[in-house]
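Observations on the model geometry
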Amino acid sequence: MNSGEEQLTTNVANRFSAAASSYHSHDVLQRIAAKHLFKLMSPSARLLDLGCGPGTDFSGFNAIEDVIGVDIAQGMLNTLKADFPAYYGLRGDAQNLPLLCDSIDTVYSNIALQWCSNLAIAINEANRVLKAGGEFNASIVAENSLYQLADLGLNVNSFNSEPEIKHCFDKNLWDGVDIETRAITVYFSDFKSLLQSIKGVGASTVDPKFQLNQRHVTLRGRGDWQELVNKAELSRGPEGLPLTYHISFIKATKTR
C-alpha cells in the first residue's frame, strides 16, 4: 500500500475499534443483511468471516466446524473474543489476508468490503484463500445508498454500482457470480438517531476516498442544525425518518 492507502486503512480501523462497544445498539442494517445472506448460503467446515466486526452467530449451520474472523479493527476483535471464545480472531486487511492459500471452505462478509480501497484485490484475496469449489457470500453497500442525506446537501460516500462490483470478479477464477441488489430502508425516531446509526457501527457519512464532488452543508450553529433537522423532517413517514441503503448480495463459487 502507498502511504495514502495506509492512512485510510488506519483511519477506518480506528473508527471501527472505537465503535466496538456500541455496535450492537446500531446494527439494524447489518442484522437485516445477515438474515438474507443466511438464506442464500450453504457453508461448510472452515468459515472465514471477512470484516467480522464483533462477530456473527453461525450456530444454526451444523456443517460449520471452525470460524475465523478477520478484521482491521482490534477493538472489534476484542469483542469477538469475549462473545465468541471458540472463534479464531485475526487482525488483517481483506486486501492482504493473513491466511494460507486454499485453506478456507466458505467466505462470509456482511456490509464490510465497501470500505476496501481496491475491491477487486479483496475479491482476489478471498479467491486465493478459498479451496476449489469453495463458496463466497457477501453483502456490499452499493451505489445510491444514503440518498436522503445527499438530498439534504450532505456529502456522502460514493459506492460502487452493481456492474462495477461484478467486474471485480475474474471470470477465470469464479463460477456463477450471482448479484442481486436490494433497497433496504431503516427508520429512526429523530435525525440525531439517524446520523448516530452510521457512526455507531464505525462508519461515517463521508471518507476522503469516497467523497462526492458536490456542495455540502456547513453548520455554523444551532440555527443551522435546526434548519437541517426541519428539512429532514419533510421525509418522515409513519415508521419514522427513513434512511435507504442499496445492498448488493453476492454469491459465487471458486472455479474447481
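Read on for an overview of the structure. (Residues numbered from 1 in each chain as written. Predicted model: local features only at pLDDT ≥ 70, side-chain atom pairs only at ≥ 80, totals over all residues. Heavy atoms only, no water.)

Quick word on the overall build of the chain
Of the regular secondary structure elements, the chain holds 8 helices and 7 strands. Across the chain, the fraction of contacts at a sequence separation of at least 24, relative to all contacts at a separation of at least 6, is 76%. Accessible surface, the chain as shown: approximately 12,500 Å² in total, 49% of it carbon and sulfur. (Helix = DSSP H or I, 4+ residues; strand = E, 2+ residues; numbered from the N terminus. Contact = heavy atoms within 4.5 Å. Areas by Shrake-Rupley, 256 points an atom, 1.4 Å probe, with all protein chains shown as cover.)

A word on the side chain of Q95
In this structure, Q95 sits in the loop between strand 3 (88–91) and strand 4 (104–110). Here the side chain of Q95 touches S117 through a polar contact of 3.0 Å, side chain to side chain. (Polar contact = N/O pair within 3.5 Å; in protein donor to acceptor, adjacent residues only side chain to side chain.)

With respect to helix 2 (residues 28–40)
Counted at 1.5 Å a residue, the expected span for helix 2 with its 13 residues is 18 Å, and the 19 Å between its end C-alpha atoms agrees. Looking at helix 2, one finds that the buried residues are L29, Q30, A33, A34, H36 and L37. Each buried residue of helix 2 lies within a common arc of 165 degrees when the element is viewed along its axis, so the set occupies one face. Residues K35 and K39 are exposed on helix 2 and point more than 90 degrees away from its buried face. The inward-facing, buried residues of helix 2 contact strand 4, strand 5 (130–141), strand 6 (174–188) and strand 7 (241–254). (Expected span 1.5 Å × (residues − 1). Buried < 20%, exposed > 50% of the residue type's maximum accessible area, 1.4 Å probe, protein only. Arc of directions from axis to C-beta.)

As for the nonpolar core
Formed by 38 residues in total, the largest nonpolar core has its most connected members in F58, L149, F191, L243, Y245 and I247. The set of elements that each furnish at least two residues to this core consists of helix 2, strand 2 (64–71), helix 3 (74–83), strand 6, helix 7 (191–199), helix 8 (222–233) and strand 7. In terms of residues, this core owes the most to one element, strand 7, which gives 5 residues. In this structure, F191 is in contact with L149, L152, L154, W225, L228, V229, A232 and L241, ignoring residues within four places of it in sequence. Ranked by size, the runner-up nonpolar core spans 29 residues in total, among them I68, A94, A122 and A142. (Core = buried A, V, L, I, M, F, W, Y, C linked by side-chain atoms within 4.5 Å.)

Let's talk about the sheet that holds strand 1 (residues 45–50)
One open sheet holds the 7 strands; their spatial order is 3-2-1-4-5-7-6, and the pairing between them is mixed. Each edge of the sheet is formed by a strand with only one pairing partner; in this case those strands are strand 3 and strand 6. Averaged over all neighbouring strand pairs, the angle between strand axes comes to 15 degrees, with direction disregarded. Where helix 2 meets the sheet, it contacts strand 4, strand 5, strand 6 and strand 7, and its direction lies at approximately 145 degrees from that of strand 4. Contacts between helix 4 (residues 119–129) and the sheet are confined to strand 1, strand 4, strand 5, strand 6 and strand 7, with strand 5 contributing the most and set at about 150 degrees to the helix. (Pairing = 2+ DSSP bridges. Axes fitted to C-alpha atoms, helices over the stretch in contact; angles between N-to-C directions.)

With respect to unusual backbone geometry
With glycine set apart, most residues show a phi of negative sign, and most peptide bonds adopt trans. Phi is positive for A45, which is not a glycine, with a value near 50 degrees. Note on placement: A45 falls in strand 1. Look at D102: it is not a glycine, yet its phi comes out positive at around 55 degrees. Tracing the backbone through its elements, the reader meets D102 in the loop between strand 3 and strand 4. Classification of D102 by relative accessible area gives partly exposed; the value is 46%.

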